[in-house]
Amino acid sequence: MSGSNNHIADNTEPYDKEALAAAAQRLQSGKLVAVPTETVYGLAADASNADAIADIYRTKGRPDFNPLIVHVSNLAAARKLGEFNALATRLAEQFWPGPLTIIVPKTPVCPAAPAVTAGLDTIALRCPAHPLMQKLLQLSGLFLAAPSANKSGGISPTIASHVSSSLGNDAPMILDGGPCHSGVESTIVAVRGDDYQILRPGPITREELETALGKPAIISASDKIESPGQMLSHYAPAKPVRLNVTKATAQEYHIGFGAIEGDHNLSKSGDLAEAASKLFAALHLADSSASTGIAVAPIPETGIGAAINDRLKRAAS
Ligand code: AMP
Ligand code: MG
């Protein structure tokens, strides 16, 4: 059993063979399972089971116009759900398994329940690298829809106890794989013929994508409509959040970075990957502290810093 709050039923299972087999069985019978990935903990369900998908939306309190990412064990499996042109194939070959979600047109035989894609004719696919999620995909033989395992609009969970404290009595079985490595949600790229668009910055950086594909991402005003769930207020702590703060007030919990010490430092050496992996845990800590507000030190916009600042802006709005 790993640390969840005392007042909440603890459904957390350590990561072992029996727990994995039980989890796979639950998924096959249409139940939900919370599972770590290299980004954040996901709330997984059989993507082809409409009732199970409805249960994800219900458990998260997620608006049904916000489509889900489907997790697959490899590119061959992904091709059953989505049409991979040359550019999409290149992305998958280069970055899978890993924290990259690729949006492609649905195949005519796509088995995902309609609610997974919220009625869109495209589908968001990801092949995760985390060994636990990979084993679960293989053992269950399913395609797994899995948004972050928290109440909609809340802070994403990066340790098992974040899941139980966010979902409370609605929490399903939780597989505890320890802290998530990346700590921010996957980069989302939409494939548009021979071009591509970044719909959500994440651990795979713009620079890496541009280097791999040999051309810049396209920028378009239609992003907001195309990516329905990317509402501005998201990842929101209960307290007001101020950004780019070098000196916090006495009432604020100060999240520091580099030389700006703060009450809790994301990375004293100024390492952005370390900061990303600690970001949501720091927001959880700040939110449950006695302070009345949260202040965050400036974070550089380079590399994964773009993903950190994206999440912070949503937290502050
Ligand atoms: P989450 O599950 O919270 O990581 O959110 C997944 C996000 O992926 C959603 O909020 C959408 O913005 C995006 N998404 C999923 N499917 C599609 C799609 N077919 N087209 C555009 N965006 C999508
Ligand atoms: Mg989420």
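Residues numbered from 1 in each chain as written. Chains lettered and ligands numbered in written order. Predicted model: local features only at pLDDT ≥ 70, side-chain atom pairs only at ≥ 80, totals over all residues. Heavy atoms only, no water.

**Points about the overall build of the chain**
No. 1: A tally of regular secondary structure across the chain gives 10 helices and 14 strands.
No. 2: The C-alpha atoms of the chain give 19 Å as radius of gyration, which agrees with the globular expectation for 317 residues (20 Å, within 12%).
No. 3: Seen through its C-alpha atoms, the chain measures out along the principal axes to roughly 60 × 50 × 30 Å.
No. 4: Long-range contacts, defined as pairs at least 24 residues apart, comprise 68% of the intrachain contacts of the chain with a sequence gap of at least 6.
No. 5: Roughly 13100 Å² of accessible area belongs to the chain as shown, and the carbon and sulfur atoms make up 54% of that amount.
No. 6: Averaging the locations of the 26 positively and 30 negatively charged side chains of the chain gives two centres separated by 1 Å. (Helix = DSSP H or I, 4+ residues; strand = E, 2+ residues; numbered from the N terminus. Rg over C-alpha atoms; globule rule 2.2 N^0.38 Å. Contact = heavy atoms within 4.5 Å. Areas by Shrake-Rupley, 256 points an atom, 1.4 Å probe, with all protein chains shown as cover. Lys, Arg positive; Asp, Glu negative; His and termini not counted. Charge placed at Lys NZ, Arg CZ, Asp CG, Glu CD.)

**Details of the packing of aromatic side chains**
No. 1: Taken as a whole and assessed by the stated rule, the structure comprises one aromatic pair.
No. 2: With centroids separated by 5.9 Å and ring planes inclined at 65°, the aromatic side chains of Phe84 and Trp96 adopt a geometry described as edge-to-face. In this pair, Phe84 sits in the loop between helix 3 (75-81) and helix 4 (86-95) while Trp96 sits in the loop between helix 4 and strand 5 (100-105), placing the two residues 12 residues apart along the sequence. (Phe/Tyr/Trp six-rings, centres within 6.5 Å; stacked < 30°, edge-to-face > 60°.)

**A word on helix 6 (residues 160-167)**
Helical periodicity: at 3.6 residues per turn, an α-helix aligns residues three or four positions apart in one direction.
No. 1: For helix 6, the tally of buried residues reaches six of eight residues, placing the bulk of the element in the interior.
No. 2: Those residues of helix 6 that fall on the buried side of the exposure criterion are Ala160, Ser161, His162, Val163, Ser164 and Leu167.
No. 3: Phi for Gly168, located one or two positions after helix 6, is positive at around 55°. (Buried < 20%, exposed > 50% of the residue type's maximum accessible area, 1.4 Å probe, protein only.)

**Remarks on the environment of Pro201**
No. 1: Within the secondary structure layout, Pro201 lies in the loop between strand 10 (195-200) and helix 7 (206-213).
No. 2: Residues Pro201 and Ala306 lie 105 residues apart in sequence; the distance between their C-alpha atoms is 6.4 Å.
No. 3: Filtering out sequence-adjacent residues up to four positions away, Pro201 remains in contact with Glu185, Ser186, Thr187, Ala306, Ala307, Asp310 and Arg311.

**Section: unusual backbone geometry**
No. 1: A cis geometry characterises the amide bond from Trp96 onward to Pro97, with omega recorded as -10°.
No. 2: Topologically, Pro97 is positioned in the loop between helix 4 and strand 5.
No. 3: Within the chain, Ala118 stands out as a residue other than glycine whose phi angle is a positive 50°.
No. 4: Within the secondary structure, Ala118 is located in the loop between strand 5 and strand 6 (122-126).
No. 5: One non-glycine residue, Asn244, lies in positive phi territory at about 55°.
No. 6: Inspection of the secondary structure assignment puts Asn244 in the loop between strand 11 (241-242) and strand 12 (252-256).
No. 7: Judged by relative accessible area, Asn244 falls into the exposed class, the value being 56%.

**So, the sheet that holds strand 11**
No. 1: In spatial order, the strands read 11-14-12-13; together these four strands make up an open sheet with parallel pairing. Two strands bound the open sheet, and with one partner strand each, they are strand 11 and strand 13 (264-265).
No. 2: In this sheet, strand 14 (residues 293-296) lies alongside strand 11 in parallel orientation, the contact comprising two bridges. Bridged to Val241 within strand 14 is Ile294.
No. 3: On top of the sheet, helix 9 (residues 272-288) reaches strand 12, strand 13 and strand 14; it is set at about 165° to strand 12, its chief contact. (Pairing = 2+ DSSP bridges. Axes fitted to C-alpha atoms, helices over the stretch in contact; angles between N-to-C directions.)

**Examining the confidence of the model for the chain**
No. 1: Residue-level pLDDT values for the chain average 91, and 91% of them are 70 or greater.
No. 2: The low-confidence segment residues 1-9 (pLDDT under 50) makes 15 contacts with residues lying over four places distant or belonging to another chain. (pLDDT = per-residue confidence, 0-100.)

**Describing the state of the cysteines**
No. 1: Following the criterion strictly, the structure yields zero disulfides and no others.
No. 2: We note that Cys180 lacks a disulfide partner, and the nearest cysteine sulfur, in Cys127, lies 16 Å from it.
No. 3: Overall, the relative accessible area of 5% leaves Cys180 in the buried class. (Disulfide = S-S within 2.5 Å.)

**Quick look at the pattern of salt bridges**
No. 1: Enumeration over the complete set of coordinates arrives at 11 salt bridges.
No. 2: Ionic pairing is found between Glu38 and Arg126, a salt bridge with its closest N-O pair at 2.9 Å. You can see Glu38 sitting in the loop between strand 2 (33-36) and strand 3 (41-46) and its partner Arg126 sitting in strand 6, a full 88 residues away along the chain.
No. 3: For Glu38, a relative accessible area of 7% puts it in the buried group.
No. 4: Owing to a relative accessible area of 2%, Arg126 belongs among the buried residues under this scheme.
No. 5: Among the salt bridges present, the one from Asp195 reaches Lys215, with a minimum N-O distance of 3.6 Å. Pair noted here: Asp195 is in strand 10 and Lys215 is in the loop between helix 7 and helix 8 (223-226), with a separation of 20 residues, a long-range link.
No. 6: Given a relative accessible area of 29%, Asp195 falls into the partly exposed group.
No. 7: A relative accessible area of 27% places Lys215 in the partly exposed class. (Salt bridge = Lys/Arg side-chain N within 4 Å of Asp/Glu carboxyl O.)

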